[in-house]
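# Coordinate inspection notes
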Amino acid sequence: MIELFYIGVILFGIGLAGVVSNRNIILIIFSIELMLLSSIILLGYGLSSSSNPEGSEMIIAIWAVAALDAMVLVAMYFVLSSIGSKFDVKFFEESKG
Amino acid sequence: MLFELAIAIAFGIFTLGSAFLIYFSKSLLHSSILLALSFIGGSMLILLESQSILALLQLLIFVGGLSTYFIITISDEKIKSTKKNLLFFSILSIIISASLLIIFSLAKINESGILENGFVQSFISLESTYYYFLYAVAFAPFAGAIGSILIIRRFMKKGL
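What comes next is a walk through the structure. (Residues numbered from 1 in each chain as written. Chains lettered and ligands numbered in written order. Predicted model: local features only at pLDDT ≥ 70, side-chain atom pairs only at ≥ 80, totals over all residues.)

### Notes on the overall build of chain A
- Along chain A, the regular secondary structure elements total three helices and zero strands.
- Each helix and strand of chain A, placed in order from N terminus to C terminus, yields the pattern α-α-α.
- Scaling as 2.2 N^0.38, a compact globule of 97 residues should have a C-alpha radius of gyration of about 13 Å, whereas chain A reaches 17 Å, well beyond that.
- Expressed as lengths along the three principal axes of its C-alpha atoms, the size of chain A is roughly 55 × 25 × 20 Å.
- Of all 97 residues assigned to chain A, the portion counted as buried reaches 36%.
- Taking the contacts inside chain A whose residues are at least 6 apart along the sequence as the reference set, 51% of them involve residues at least 24 apart. (Helix = DSSP H or I, 4+ residues; strand = E, 2+ residues; numbered from the N terminus. Rg over C-alpha atoms; globule rule 2.2 N^0.38 Å. Buried ≥ 20, exposed ≤ 12 C-beta atoms within 10 Å, placed from the backbone. Contact = placed C-beta atoms within 7 Å.)

### Concerning the overall build of chain B
- Secondary structure summary: chain B contains seven helices and zero strands in total.
- Ordering the α and β elements of chain B from the N terminus gives α-α-α-α-α-α-α.
- Every one of the 160 residues in chain B was classed for burial, and the buried ones make up 28%.
- Across chain B, contacts joining residues at least 24 apart in sequence account for 70% of those joining residues at least 6 apart.

### Overview of the packing of helix 1 (residues 3–21) of chain A against helix 2 (residues 25–49) of chain A
Residue and element names in this part refer to chain A.
- The N-to-C vectors of helix 1 and helix 2 enclose an angle of 160°; their axes lie 8 Å apart at closest approach. Our classification of the angle between helix 1 and helix 2 gives roughly antiparallel. Where helix 1 crosses over helix 2, the two elements pack in a sense that is left-handed. The residues of helix 2 that touch helix 1, namely those facing L4, F5, I7, G8, L11, F12, I14, G15, L16, G18 and V19, are L27, I28, S31, I32, L34, M35, L37, S38, I41, L42 and Y45.
- Across the contact of helix 1 with helix 2, the residue classes break down as 17 nonpolar, five polar and no charged. (Axes fitted to C-alpha atoms, helices over the stretch in contact; angles between N-to-C directions. Parallel < 35°, antiparallel > 145°, perpendicular 65-115°, else oblique. Left-handed = near helix turned anticlockwise from the far one by under 90°. Nonpolar A, V, L, I, M, F, W, Y, C, P; charged D, E, K, R; others polar.)

Pasting the structure below:
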């Protein structure tokens, strides 16, 4: 089905626009998750459309990156909420090292 | 054929709409719920491509990530545990479980069905080629976990 290809591409665009246009860290990580979802959809499309299954091991890498995202968000949430800071990326201008 | 196409378009609109509304919702909790809905739509789309094992694993793995996001956004919103919220989250969990049940029932989880699946086939045929790549991938979340612990430890000692 060719529609799945277009849906994956549009979803990736929405995620990319979210990363570029937002300043809230949580929303940026949600956008990255959307981009990862779109890449899984595109790899699923590739698996079903061709007889050669090569490249599908990248799905495992995407799942690993998605797990890593959640971990990093927990650490950042812990640090930022205990300071009382808002989840604004401007905060990282002040952090050192 | 036409029925399948209509279902695919409906799930596509559902996925894209919920992904688009993430940025327009008032609270972060609503954003995380919309993200969950877009994940469900995405895995249903993969299921429609007859990659049932991939859809199943994708939904199971991302539910784990989403539970973390729910905890974070709920603690950020400081929502009280009212009956209304309880009802809302019960409905959401019923939707997630129903989609899991649909995928489980449609997935061919017998020996020949699994072997026919493209996602499983790739790991049977390419096991030796990408052995070290998969090892390297396994170290990525490990390094991320250690990094997160180090950030928190450093903050507890000195502050940023």
